[in-house]
Amino acid sequence: MSGSKPRTLFDKIWDSHVVERLPDGTCVLYIDRHLVHEVTSPQAFEGLRMAGRRLRRPDATIAVADHNIPTVGPRTPEGIKEEDSRIQVQTLERNVKEFGVPYIPILDVRQGIVHIIGPELGLSLPGTTIVCGDSHTSTHGALGALAFGIGTSEVEHVMATQTLLQKPAKNMLIRVDNTLGFGASAKDMVLAIIGRITTAGGNGHVIEYAGEAVRALDMAGRMTVSNMSIEAGARAGLIAPDETTFAYVKGREFAPQGAAYEQAVAYWRTLPSDAGAAYDKTVVLDAREIAPMVTWGTTPGAVVPVTGVVPNPAEVEDEAARAQMQRMLDYMALVPGQRMQDVAIDVVFIGSCTNGRIEDIRAAAAVAKGRKVADGVQALVVPGSGLVKRQAEQEGLDRVLLEAGFEWRDPCCSMCLGMNPDKLTPGQRCASTSNRNFEGRQGPGGRTHLVSPAMAAAAAVSGRLADVRQLV
Amino acid sequence: MDKFTTLTAVAAPLPLANVDTDKIIPARFLKTIKRSGLGVHLFDTLRFDAAGRERPEFVLNQEPYRKAQVLIAHENFGCGSSREHAPWALLDFGIRCIIAPDFADIFYNNSFKNGILPIRLPRAVCDTLIEDAKLGGNARVTIDLERQVVVRPNGEEIHFEIDPFRKHLLLNGLDDIGQTLQHAASIDGYEAKRRAEQPWMPATTATTAASAG
């Protein structure tokens, strides 16, 4: 399988999961972990049922409801007021029973967004393949796992066969040299990367993030970066496992324990890319040049430093691109040359699989401490999981945030995509720590500016997009 | 899944880049447990205003494009969320083929699983086909998958590339789970080998707290 050719981290994980290579190069790829949620699974379970098929490996599968769960009020399926949301959650609960899938109930303290709880519970491990019917499965690549989102037909395929039919992706290396400056975070790093390579730059590739600035990130930061790989077009992101990774995994509920852990670590140490391994594309950024970032448009690549201004379509040569930029400005109600820091906001959302971890809430609380949410601004903090929420409350972060006028909610995907009652109303403008600023993403007619947790808190207390470096 | 062999149809021009899957089908319509019936919500915010009235300027609200079976768009079609509701909505509306300079990977995959053929052609060629499509009902385009050509209304043939395995599945309307299960013995063998080599790999059923149901 390997030969003597130097291999990348991606090549190694891929090679070790090929069950069979078909004549045209398509591989039957083995999947170690299948994470299931309520939105993209009902049709897959139904497909199994119709074909009389069983779930091949319930013991490699785990299910949780996250997209539809309200962040206030009763946390039971029956307590969900919206009928279609309730049916979707109840359908998941029926399906996991019928097919014998391990399930984390809504009231369990470990419930949360599937991409938060995978790593948190030690379900996501280096060197493994992880899939989920959700594009932000790329998150788990932060641990050095090959993790990618799939559609519902592929969800059914994994349920029935524990494999996928795939061709290997190309290798892309993104190296971020030096260290991030004051006030810049992992979120700013990944927004800067997407701004640089564009939202299609990673199509057909798996991105490996490397370099001093990436190595210096804690696991939460690495997950934020890997999470948004899909926003750069890459199905998966990867960060080579190292001591930071091993320390993070150690002792988590589903992770190997004791001697098994030592055995696993010995294997994980063999995973990083070999010296001289070839990449199809390489991009290098200097972390010192990355400022706190904010998006101005309706794709994540439409991003500028917070000190910047709204760009001018008149300066764009390509006619279609110019029209597209104008369309974005019209939707966002922004004018060319406007200073980003002059843009007033109505709502702040801190949460999601991108930035719903304890480190993110700490960063927001540090800015909020001793300040007040600006008049007329609604600021939501939605922890990514029950365990994150509990930890934050043990640290007193909930009190800091509540005192500053933030709302402290229960875990769910919430306003990242508004499948629960947390939505923007038409025309509302939001500083959001989520991952997508598409038209209508946070609610029909809503306007989204993607930022880091510290920048979101800065916006909340300022009433407008603000440079967090002036507040800390 | 329906076979895809040849298709002669009206093509709708959609000269937009980065058409994301939230745009194709917004999240509020994902709360279904079925695959069917999503066509009425396809491109919901582009097609309808807040009161639910058709926006006359949107191409799919115009004749003859209400019956379009082909879409021609710009770069990075289908980016964003992995929701297969996007191809389900397109298919339910009647779209069987999308032509664009490139597609987001997950959407590209999802299309094939539903009998929709995504064709990658250079931007300049897409722009030519968009000009053809603007001519309307008398300028139908033909897609011949077997021969891998798009035939313009003027008869000019444009070759496209497609993965042979995907082509085979689509031409014959084959379910790929059935294909994969032909390799069941290899999968068994692989699992046995992995259990021996990596006995440390824990099961998701490993703790009693996470019991089924």
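Residues numbered from 1 in each chain as written. Chains lettered and ligands numbered in written order. Predicted model: local features only at pLDDT ≥ 70, side-chain atom pairs only at ≥ 80, totals over all residues. Heavy atoms only, no water.

Draft legend 1. Looking closely at the overall build of chain A. A tally of helices and strands in chain A yields 16 helices and 19 strands. Against the compact-globule benchmark of 23 Å for 472 residues, chain A has a radius of gyration of 22 Å, which places it among compact chains. Overall, chain A is about 55 × 55 × 45 Å in size when its C-alpha atoms are taken along their principal axes. For chain A, buried positions account for 67% of its 472 residues. A sequence separation of at least 24 residues applies to 75% of the contacts in chain A between residues at least 6 apart. Total accessible area on chain A stands at roughly 14,900 Å², and carbon and sulfur atoms take up 51% of it. (Helix = DSSP H or I, 4+ residues; strand = E, 2+ residues; numbered from the N terminus. Rg over C-alpha atoms; globule rule 2.2 N^0.38 Å. Buried < 20%, exposed > 50% of the residue type's maximum accessible area, 1.4 Å probe, protein only. Contact = heavy atoms within 4.5 Å. Areas by Shrake-Rupley, 256 points an atom, 1.4 Å probe, with all protein chains shown as cover.)

Draft legend 2. Geometry of the overall build of chain B. When you go through chain B residue by residue, the secondary structure sums to eight helices and eight strands. Based on the C-alpha atoms only, the size of chain B along its principal axes is roughly 65 × 45 × 25 Å. If you take every contact in chain B between residues at least 6 apart in sequence, the share linking residues at least 24 apart comes to 66%. As displayed, chain B has an accessible area near 8,500 Å², and 51% of this comes from carbon and sulfur atoms. Computed over 25 positive and 27 negative side-chain charges, the inter-centroid distance for chain B is 4 Å. (Lys, Arg positive; Asp, Glu negative; His and termini not counted. Charge placed at Lys NZ, Arg CZ, Asp CG, Glu CD.)

Draft legend 3. Inspection of the domain arrangement of chain B at higher detail. When cut into domains, chain B gives domain 1 (6–174) and domain 2 (178–212). Taking only C-alpha atoms into account, the centre of domain 1 of chain B sits 38 Å from that of domain 2 of chain B. (Domains from an automatic or database assignment.)

Draft legend 4. Main features of the interface of chain A and chain B. Counting from both sides, the interface comprises 89 residues of chain A and, opposite them, 66 residues of chain B. Carbon and sulfur atoms make up 56% of the surface buried where chain A meets chain B, a total of about 6,200 Å² over both sides. In this structure, the connection of chain A to chain B is made through ten salt bridges. Between Asp22(B) and Arg441(A) there is a salt bridge, and its shortest N-O distance comes to 3.0 Å. (Buried area = accessible area lost by both parts, 1.4 Å probe. Salt bridge = Lys/Arg side-chain N within 4 Å of Asp/Glu carboxyl O.)

Draft legend 5. Highlighting the sheet that holds strand β15 (residues 347–350) of chain A. Residues and elements named next belong to chain A. In spatial order, the strands read β17-β16-β15-β18-β19; together these five strands make up an open sheet with parallel pairing. Strands with a single pairing partner mark the edges of an open sheet, and in this sheet they are β17 (407–408) and β19 (447–450). Note that β15 and strand β16 (residues 378–381) share four bridges and pair parallel. Looking at β16, one finds that Ile350 is bridged to Val381. (Pairing = 2+ DSSP bridges.)

Draft legend 6. Up close: the sheet that holds strand β2 (residues 11–14) of chain B. Residues and elements named next belong to chain B. Reading across from one edge, β2-β3-β4-β5 is the order of the four strands in this open sheet, with parallel pairing throughout. Among the strands making up the open sheet, the edge pair consists of β2 and β5 (117–120). With direction set aside, neighbouring strand axes in the sheet form an average angle of 20°. In the sheet, strand β4 (residues 97–100) pairs with β5 via four bridges, with the strands oriented parallel. Counted as the bridge partner of Ile99 is Ile119 from β5. (Axes fitted to C-alpha atoms, helices over the stretch in contact; angles between N-to-C directions.)

Draft legend 7. Examining the pairing of strand β11 (residues 236–239) of chain A more closely. All names here are of chain A. Covered by surrounding structure in β11 are Ala236 and Leu238 together with Gly237 and Ile239, the residues of both alternating faces. Two strands pair when backbone bridges link them, and strand β10 (residues 205–210) and β11 are joined in this way by four bridges, in the parallel orientation. Paired with Glu208 across the bridge in β11 is Leu238.

Draft legend 8. Structural detail: the nonpolar core. Ranked by internal contacts, the top residues of the largest apolar core, which has 168 residues, are Phe406(A), Phe43(B) and Phe77(B). Not counting the four nearest positions on each side in its chain, Phe43(B) is found in contact with Leu14(B), Val19(B), Lys23(B), Ile24(B), Phe58(B), Leu60(B), Leu71(B) and Leu90(B). In terms of nonpolar packing, the next biggest core, distinct from the first, is built from 28 residues, Val190(A), Val214(A), Ile290(A) and Met293(A) among them. (Core = buried A, V, L, I, M, F, W, Y, C linked by side-chain atoms within 4.5 Å.)

Draft legend 9. Seen up close, the packing of aromatic side chains. The final tally for this structure, using the stated rule, is 13 aromatic pairs over all chains. On the numbers, 5.7 Å between centres and 40° between planes, the contact of Phe10(A) with Trp14(A) is tilted. Residue Phe10(A) and its partner Trp14(A) are located together in helix α1 (residues 9–15), separated by four residues, close to a single helical turn. Take Phe10(A) and Trp14(A): they sit in the same class, and that class is buried. With a centroid separation of 4.9 Å and an interplanar angle of 40°, the aromatic rings of Tyr30(A) and Tyr190(B) are classed as tilted. On the criterion of chain membership, the pair formed by Tyr30(A) in strand β2 (residues 27–30) and Tyr190(B) in helix α8 (residues 184–197) is interchain, its members lying in two chains. As far as the burial class goes, Tyr30(A) and Tyr190(B) line up, both buried. Through a chain of ring-to-ring contacts, three or more aromatic side chains come together here, namely Phe246(A), Tyr261(A), Tyr267(A), Trp268(A) and Trp200(B). Taking NZ or CZ as reference, Arg252(A) lies 3.8 Å from the ring centre of Tyr248(A), over its face. The ring of Tyr108(B) has Arg120(B) sitting right over it, with the charged end atom 4.0 Å from the ring centre. (Phe/Tyr/Trp six-rings, centres within 6.5 Å; stacked < 30°, edge-to-face > 60°. Lys NZ or Arg CZ within 6 Å of the ring centre and 35° of its normal.)

Draft legend 10. Up close: the environment of Gln43(A). Turning to its location among the elements, Gln43(A) is positioned in helix α2 (residues 42–51). Between the alpha carbons of Gln43(A) and Val400(A) there is a distance of 43 Å; along the sequence they are 357 residues apart. Ignoring sequence-local partners within four residues, the contact set of Gln43(A) consists of Thr152(A), Glu156(A), Thr32(B), Ile33(B), Lys34(B), Arg35(B), His85(B) and Trp88(B).

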